[in-house]
Amino acid sequence: EPLKTAGDMTITATATDSRGYVGTTSITINVLDYTKPKINIFTAERSDASGTVSESGGSLKVNYDVDYTSLNGANEVSTNIKYKKKDETDYTSVSLSDLVGSKVLADAVDINYTYDVLLEVSDSFNTTTVSTIISTAFTLLDFNASGKGMAIGKVSEEPDKVEIALPLKFKD
């Protein structure tokens, strides 16, 4: 049964042999408090290479804040940003050295594609992940290369479709 509380706990073991002799021993252990890694803040936006947020930027700026339980230095942690084009399967992974901060991945994202972006924090026992989507760069109107699609407020990624990335308002 898992331990449900932290602190000093006494564990007692009793053994009885075939003659009926009983042996008992007890030890006290210190159980450390543990919680899964936690992501407090995660944002991802297009930016220019210097980190200035820009809807038409080809760089990726992430802000993050994560926590984990160190278990007196016995628990190791790793934090990674992972990103990929929406239609791809393999992520590019970038290791983060700090638990709190901001990172600019210069020229990491093509303006013509939507990206899935993940923040993943792992310790020796668990992994916590949060994801977001980064849309194509902003453009008021874009026609698909197939000649059979268009987009409003973004780059057209889908042939035979109209994509709209701006709020709609219909006149009363």
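Structure shown above.
This text gives an overview of the structure that appears in the document.

Criteria and thresholds
Residues numbered from 1 in each chain as written. Predicted model: local features only at pLDDT ≥ 70, side-chain atom pairs only at ≥ 80, totals over all residues. Heavy atoms only, no water. Patch = residues over 30% accessible without salt bridge, like charges linked within 9 Å, V, L, I, M, F, W, Y side chains within 5 Å. Areas by Shrake-Rupley, 256 points an atom, 1.4 Å probe, with all protein chains shown as cover. Salt bridge = Lys/Arg side-chain N within 4 Å of Asp/Glu carboxyl O. Helix = DSSP H or I, 4+ residues; strand = E, 2+ residues; numbered from the N terminus. Buried < 20%, exposed > 50% of the residue type's maximum accessible area, 1.4 Å probe, protein only. Pairing = 2+ DSSP bridges. Axes fitted to C-alpha atoms, helices over the stretch in contact; angles between N-to-C directions. Contact = heavy atoms within 4.5 Å. Core = buried A, V, L, I, M, F, W, Y, C linked by side-chain atoms within 4.5 Å. Phe/Tyr/Trp six-rings, centres within 6.5 Å; stacked < 30°, edge-to-face > 60°. Lys NZ or Arg CZ within 6 Å of the ring centre and 35° of its normal.

**A look at a nonpolar patch on the surface**
Line of reasoning, step 1. A contiguous nonpolar surface patch, about 940 Å² in accessible area, is contributed by Phe-138, Leu-140, Leu-141, Phe-143, Val-162, Ile-164, Leu-166, Leu-168 and Phe-170.
Line of reasoning, step 2. Listing elements by their share of the nonpolar patch, those giving two or more residues are strand S10 (141-143) and strand S12 (162-164).
Line of reasoning, step 3. The residue Leu-166 is located in the segment after S12 in this model.
Line of reasoning, step 4. Leu-166 sits in the partly exposed class, given a relative accessible area of 33%.

**Some details on unusual backbone geometry**
Line of reasoning, step 1. With a phi angle near 55°, Asn-72 is a residue other than glycine that sits in the positive phi range.
Line of reasoning, step 2. On the secondary structure map, Asn-72 appears in the loop between strand S4 (59-67) and strand S5 (78-85).
Line of reasoning, step 3. If you check the backbone angles, Asp-160 has positive phi at about 65° while not being a glycine.
Line of reasoning, step 4. Its location among the elements puts Asp-160 in the loop between strand S11 (150-152) and S12.

**Here we look at the sheet that holds strand S7 (residues 100-105)**
Hydrogen bonds between backbone atoms are what pair the strands of a sheet, whose relative direction is either parallel or antiparallel.
Line of reasoning, step 1. Here we have 3 strands laid out as an open sheet, ordered S3-S4-S7, and antiparallel in their pairing. Sheet topology places strand S3 (38-47) and S7 at the edges, where each strand pairs with a single neighbour. For this sheet the average axis-to-axis angle between neighbouring strands, irrespective of direction, equals 15°.
Line of reasoning, step 2. Sheet topology places S3 next to S4; 9 bridges connect them, and they run antiparallel. The partner of Ala-44 across the bridge, within S4, is Val-62.

**Comments concerning the environment of Ile-29**
Line of reasoning, step 1. Tracing the chain through its elements places Ile-29 in strand S2 (residues 22-31).
Line of reasoning, step 2. Sequence separation between Ile-29 and Pro-2 is 27 residues; the distance between their C-alpha atoms is 14 Å.
Line of reasoning, step 3. Setting aside residues no more than four positions away along its own chain, Ile-29 makes contact with Gly-7, Asp-8, Met-9 and Ile-11.

**Overview of the nonpolar core**
Line of reasoning, step 1. Core analysis: the biggest nonpolar cluster contains 19 residues, and Phe-42, Leu-60, Ile-81, Tyr-83, Val-117 and Leu-119 have the highest contact counts within it.
Line of reasoning, step 2. At the level of elements, S3, S4, S5, strand S6 (92-96) and strand S8 (115-122) are the ones that each hand at least two residues to this core.
Line of reasoning, step 3. The contacts of Leu-119, once residues within four sequence positions are left out, are Ile-39, Ile-41, Phe-42, Tyr-64, Val-66, Thr-79, Asn-80, Ile-81, Leu-96, Thr-128, Thr-129 and Val-130.

**A word on the sheet that holds S10**
Line of reasoning, step 1. Read from one edge of the open sheet, 3 strands run S10-S11-S12, paired in mixed fashion. Edge positions in the sheet fall to S10 and S12, since each has one partner strand and no second. Ignoring strand direction, the axes of neighbouring strands in this sheet form an average angle of 15°.
Line of reasoning, step 2. Note that S11 and S12 share 3 bridges and pair parallel. Its bridge partner lying in S12, Met-150 is registered against Val-162.

**Topic: the pattern of salt bridges**
Line of reasoning, step 1. On inspection of all chains with the given rule, the structure shows 7 salt bridges.
Line of reasoning, step 2. Linking Asp-17 and Arg-19 is a salt bridge whose minimum nitrogen-to-oxygen distance equals 2.7 Å.

**Focus on the packing of aromatic side chains**
Line of reasoning, step 1. Applying the stated criterion to the full structure yields 1 aromatic pair.
Line of reasoning, step 2. When the ring centre of Tyr-91 is taken as reference, the NZ or CZ atom of Lys-84 above it lies at 5.4 Å.
Line of reasoning, step 3. In this structure, Lys-85 packs its charged tip against the face of Tyr-113, placed 4.0 Å from the ring centre.

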